[in-house]
Every structure is written in C-alpha cells, then in structure tokens.
Amino acid sequence: MNIKITGTGSYIPDIIEKNESFNKNTFLNTDGTPINSENTVIIEKFKAITGISERRYAKEHLNSSDLGFFAAEKAIIDAKIDPETIDYIIVAHNFGDVKHNTIQSDMLPALSSRIKHSLGIKNPKCVAYDILFGCPGWIETVIQAKAFITAGMAKRCLVIGTETLSRVIDKYDRDAMIFSDGAGAAIIEATDDKGGILAHESATYTYDEAYYLYFGNSNNQELDRNTRYIKMAGRKIYEFGLNYVPQAMKTCLDNSGVDIKDVKKIFIHQANEKMDEAILKRFYRLYKTNIPDNIMPMSIQNLGNSSVATVPTLFDLVRNNKLENHSLNKGDVIIFASVGSGMSVNALVYKY
C-alpha cells in the first residue's frame, strides 16, 4: 500500500493588489511614530527583501471557507472520486472566516464542516475537523491523513489549506504588504501505484519562540486597543527558519533513504523570497553539494504569502504546468517544507 496525492486543486483570488497601491498608506513604527522614509523607498526595500510585487485578495463576499470549497471541488474532480467516499476532511487555517470589514473571527461551525456542507456530502462517516498549525498547517494535514490511512482508520482524505489574511492585517504596519488570500487542496489515498509519501518530520518550538507571530494592536495608537491584527517579529522568524527548516528537511530526506541528488523539486512555504533562498542554500550546504537549477518553484512574487495555502497552491500550479520552467514527471522525488507560528516546522518527502 502506498499513500499518494491523487488529485489537487487551488483557488487563486481575482483581485490583484500591486505594491503601488500601498503608496497611499501611512506606515508607522510599533510605538506609533511615523517611519522616516518615503513610501516609495519603503516599498522598494520591501520588494528587495520579500520578492513580492503583487498579491491576491478575495472578493468581499467570499470567506476562507468559500475559497477552501472552491479548491476542494477542483481536487475532487481532478482525482475523479465520489466525494461520498471521503473518510476525513482536514482543514488548516489560522483565523477562520473573517467577513470583509469586520473584526471578529468566525469558527463556529468549523470551516471543515462548512466546506463539507458546501460539497453536499451526506455521509456522516466523513469526519470533518480543523487544525491550527500556523503556515505549516497544510503539510501537517497531509501527515495526519497519512497516519489515518496507515492506521487503517481511513482510505481516502481531503486536505485543505485556506486563508484570507487580507482581513487581519494592520494597514499601518509595513508587514501588511506580505500577506494575501488563497486556498489549496488535495486528495490523499491508499493506492497500488508506486511512490507516495516516503517520510515526514514535524517539530514545534515554544520555549522562547511561541510568540514570534501573534495577534497584537495596530501601530496606530489612536485605534481601539481591543482590536487585534496579525503581527510578527520578522528578524527572529527569519533566523528561526534558517536554523531549523534545513535540518528538518535533511532529517526527513535521510529517513526517506533518497539521495539528495535524486531530489527534483523543493516546495517551501512562500513566506519571503530571501528567506527561502537562504534555507535552500543551507540545506544543500548540509550535503556539501551544489544547488541544481530550477529546483525551487516560487509564486510569492505574484501571489504573496497566503500562509497554509502557499504550498498546496504552488504544488497545484506546477503539477498542472501553470508555472513557467517548472514541471513534474512520474517518479520525481520532491520535498515539501514549511515554517510558521507556534513556532513550528515540518517537511515531507514524496515520490510523484
């Protein structure tokens, strides 16, 4: 029995928000004082570090569960399965449904229940639940699906990562330019086909790192102090990613028994272009070997950081030959890896 991804789907929102649109923002320091730079300079430096030129925002009437439903529907069609045969629906997100121009997160019922309802699945044995695991959430749903199938508790799972981070950003914070919306989904099931999940690795560091990402006040001191927004200690997260993600990837690859030279693609969470490039360099340095050309697909330049949605969306794009200079062939060994709030890291080695 091999556990494979038999179908994928993604939803990339229609609204394109270019960097230039932030020229009108009033960016402030955390203490509320003005940043002593022109917005054009701030945006130029931002692009140089993150690689982001534009990002996608969901239409006002759509919520995170809607985006997840759209991606899930595509994955089911791609896998050519009857949705009534799905044993588990596992949805990774961070903030639930946050309706446009509201400040309250809505997670009752769970997003997984909402998506199951939208899919029209009647089977009560199809168990739906959510996980909160930060940006590595979607990879963790794949790991959990594998565990259920290996244990004989399931034969087929639908795993989804969906988020609308545009609804929880502080427009007075430069970091607001990083975040975006999107959703990705996959069908995971036991098959007789060769390949599938070869190894996985997960870890959570909380002793010093738990609050590197958190919900905090606006940089604008005059706004309601009871309203919170996504906040992060950018430098600490950058250093954390470089210290722990390459090692998690190496441990995972070593456990898979695959030689580093046989890895064809590496899908890293699209958090920051410079950080991902640095993680890749450190990973290959651990094996004392050169980085192959076109090994790491990137979508952050145009899609921004949609948290749990970046990896499954990027994988779906490459799988369907929608990303220039990147494709997958039968038998290719690939690595998924992510880092995010918690702070957590994970990695997964997969034979396509």
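Residues numbered from 1 in each chain as written. Predicted model: local features only at pLDDT ≥ 70, side-chain atom pairs only at ≥ 80, totals over all residues. Heavy atoms only, no water.

Visitor: In this structure, what is going on with the packing of helix α2 (residues 64-79) against helix α3 (residues 111-119)? I would like to understand it.
Guide: Relative orientation and spacing of two packed helices are given, respectively, by the angle between their axes and the distance between those axes. Where α2 meets α3, the axes come as close as 9 Å, and the angle between the chain directions of the two elements is 55°. Of the possible angle classes, the one that applies to α2 and α3 is oblique. Here α2 and α3 pass one another in a crossing that is right-handed. Here S64, S65, G68, F69, A72, E73 and I76 of α2 come into contact with α3, specifically with L111, R114, I115, S118 and L119. Split into classes, the residues belonging to the contact of α2 with α3 amount to six nonpolar, four polar and two charged. (Axes fitted to C-alpha atoms, helices over the stretch in contact; angles between N-to-C directions. Helix = DSSP H or I, 4+ residues; strand = E, 2+ residues; numbered from the N terminus. Parallel < 35°, antiparallel > 145°, perpendicular 65-115°, else oblique. Left-handed = near helix turned anticlockwise from the far one by under 90°. Contact = heavy atoms within 4.5 Å. Nonpolar A, V, L, I, M, F, W, Y, C, P; charged D, E, K, R; others polar.)

Visitor: Looking at this structure, how should I read the pattern of salt bridges?
Guide: Using the criterion set out here, one finds 11 salt bridges in the structure. The salt bridge partner of K4 is D193, with a shortest N-O separation of 3.3 Å. Highlighted residues: K4 in strand β1 (residues 2-11) and D193 in the loop between β7 (181-191) and β8 (196-204), separated in sequence by 189 residues. Assessed through its relative accessible area of 6%, K4 is described here as buried. The residue K18 makes a salt bridge to E54 at a minimum N-O spacing of 2.8 Å. (Salt bridge = Lys/Arg side-chain N within 4 Å of Asp/Glu carboxyl O. Buried < 20%, exposed > 50% of the residue type's maximum accessible area, 1.4 Å probe, protein only.)

Visitor: How do you make sense of a positive patch on the surface when you look at a structure like this?
Guide: Taken together, the side chains of K274, K281, R282 and R285 make up a positively charged region of the molecular surface. Exposure remark for K274: the relative accessible area of 39% places this residue in the partly exposed category. (Patch = residues over 30% accessible without salt bridge, like charges linked within 9 Å, V, L, I, M, F, W, Y side chains within 5 Å. Areas by Shrake-Rupley, 256 points an atom, 1.4 Å probe, with all protein chains shown as cover. Lys, Arg positive; Asp, Glu negative; His and termini not counted. Charge placed at Lys NZ, Arg CZ, Asp CG, Glu CD.)

Visitor: Is there a simple way to explain the layout of surface pockets in this structure?
Guide: Remark: the empty space left among the atoms is shown by a probe the size of a water molecule rolled over them. Approximately 730 Å³ is the volume found for the second largest pocket. In terms of lining, the second largest pocket is formed by 31 residues, of which the most central are H100, N101, S166, R167 and I169. A per-class count over the lining of the second largest pocket returns 14 nonpolar, nine polar and eight charged. (1 Å grid on protein atoms, 1.4 Å probe; cavity = no way out; pocket = protein on both sides within 12 Å on 5 of 7 lines; lining within 4 Å. Points joined across faces, edges and corners; volume = space filled by probe spheres on them.)

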